Amino acid sequence: MFGLPSIGKLLVLAAILGAVWYGFKMIGRMQQSRDAQNRQNAGGSNGSSTPSKKETDGALDMVQCPACKSYIPPDSKCHCGAQG
């Protein structure tokens, strides 16, 4: 009832399995390179082993301008002209 498949059918099956295998490997490599590029763009590879909180989340400490009460980065001038 179930005889041995022909050599041609076995070769086609092997080719399909190989294409699927290498396709998944290629997708995995693309995801790894995309993740590495995202880490590099985000500043994740700066050489220090223990990055500070400021480096990991990209947040800045802000100070309130005494003249106009808006928040600005420290050691910078406000748009109103007062020193922060």
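Our subject is the structure listed above.
Basis of the calculations
- Along each chain, residue indices are assigned from 1 in the same order as the chain's sequence is written.
- Two thresholds apply to this predicted model, a pLDDT of at least 70 for residue-level local features and 80 or more for giving and counting side-chain atom pairs, whereas whole-chain, interface and lining totals are computed over all residues.
- Here the side-chain values reflect all heavy atoms present in the structure, with hydrogen atoms and water set aside.
- Note on conventions: DSSP H or I runs of at least 4 residues are helices, E runs of at least 2 residues are strands, and numbering of each starts at the N terminus.
- Type-normalised accessible area, obtained with a 1.4 Å probe on protein chains alone, sets the label of each residue: buried when under 20%, exposed when over 50%, and partly exposed for intermediate values.
- Note on contacts: a residue pair qualifies if any of its non-hydrogen atoms lie within 4.5 Å across the two residues.
- Working definition of accessibility: Shrake-Rupley area with a 1.4 Å probe, residue cover restricted to the visible protein chains.
- We call a pair of cysteine sulfur atoms a disulfide whenever their separation is within 2.5 Å.

Draft legend 1. Structural detail: the overall build of the protein. What the protein contains, in helices and strands, is 2 helices and 2 strands. Counting the 84 residues in the protein, one finds 6% classified as buried. Considering only contacts in the protein between residues 6 or more positions apart, those separated by 24 or more positions represent 0%. As presented, the protein carries roughly 7400 Å² of accessible surface, and 61% of it is formed by carbon and sulfur atoms.

Draft legend 2. How the structure looks around unusual backbone geometry. Its identity as a non-glycine residue notwithstanding, Lys69 has a phi of 65°, on the positive side. By the secondary structure assignment, Lys69 is in the loop between β1 (63-64) and β2 (71-72). Backbone geometry at Asp75 places phi at a positive 60°, although glycine is not the residue there. Relative to the helices and strands, Asp75 resides in the segment after β2.

Draft legend 3. Geometry of the environment of Ile72. Its place among the elements puts Ile72 in strand β2. In this structure the C-alpha to C-alpha distance between Ile72 and Met62, which are 10 residues apart in sequence, comes to 5.4 Å.

Draft legend 4. Spatial organisation of the state of the cysteines. A complete count under the given rule lists 0 disulfides for this structure. Lacking any disulfide linkage, Cys65 is separated from the closest cysteine sulfur, that of Cys80, by 3.7 Å. Cys68 takes part in no disulfide bond, and the closest cysteine sulfur, belonging to Cys78, lies 3.4 Å away. Owing to a relative accessible area of 30%, Cys68 belongs among the partly exposed residues under this scheme.

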